[in-house]
Amino acid sequence: MFSNIGVPGLILILVLALIVFGPNKLPEIGRAFGKSLREFKRATDGITNDIKEEFKDDLKEAQKERIDLKK
């Protein structure tokens, strides 16, 4: 979706944001956006780790069953 913006498009977006929000509000908006992205990343990492742990336990059980079936 954002891969086709390019440098000129990005500069245009930043200039429009500067005009709309002003130079005083723009750093606050950037900080809030950064915090939101960081929190989203933490949440997705937590979910990913939970899923990996669940699959790891299932994989260990499957390997034990496989060994038992070979005997």
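Here the structure is a predicted model, which means the values were calculated and not measured.

Help me understand the pattern of salt bridges, please; the structure alone is not making it clear to me.
Oppositely charged side chains are able to pair whenever their charged atoms sit close together. Taken as a whole and judged by the stated rule, the model has 4 salt bridges. Between K41 and D45 there is a salt bridge; the shortest N-O distance is 3.5 Å. Linking K41 with D45, this pair stays in helix α1 (residues 6–70), spanning 4 residues, or about one helical turn. Among the residues examined, K41 registers a relative accessible area of 52% and is labelled exposed. Of the charged contacts, one joins K56 and E53 as a salt bridge, the two residues approaching to 3.2 Å between their closest N and O atoms. Here K56 and its partner E53 are both found in helix α1, 3 residues apart, which amounts to about one turn of the helix. Accessibility expressed as a relative area gives 40% for K56, which makes it partly exposed. According to the relative accessible area criterion, E53 is partly exposed, its value standing at 41%.

Even after reading the chapter, I still don't get a nonpolar patch on the surface, so can you show me in this structure?
Taken together, V7, I11, L12, V15, L16, I19, V20, F21 and I29 make up a surface patch of nonpolar side chains, about 870 Å² in accessible area. Secondary-structure assignment places L12 in helix α1.

Quick notes on the rules
Residues numbered from 1 in each chain as written. Predicted model: local features only at pLDDT ≥ 70, side-chain atom pairs only at ≥ 80, totals over all residues. Heavy atoms only, no water. Salt bridge = Lys/Arg side-chain N within 4 Å of Asp/Glu carboxyl O. Helix = DSSP H or I, 4+ residues; strand = E, 2+ residues; numbered from the N terminus. Buried < 20%, exposed > 50% of the residue type's maximum accessible area, 1.4 Å probe, protein only. Patch = residues over 30% accessible without salt bridge, like charges linked within 9 Å, V, L, I, M, F, W, Y side chains within 5 Å. Areas by Shrake-Rupley, 256 points an atom, 1.4 Å probe, with all protein chains shown as cover.

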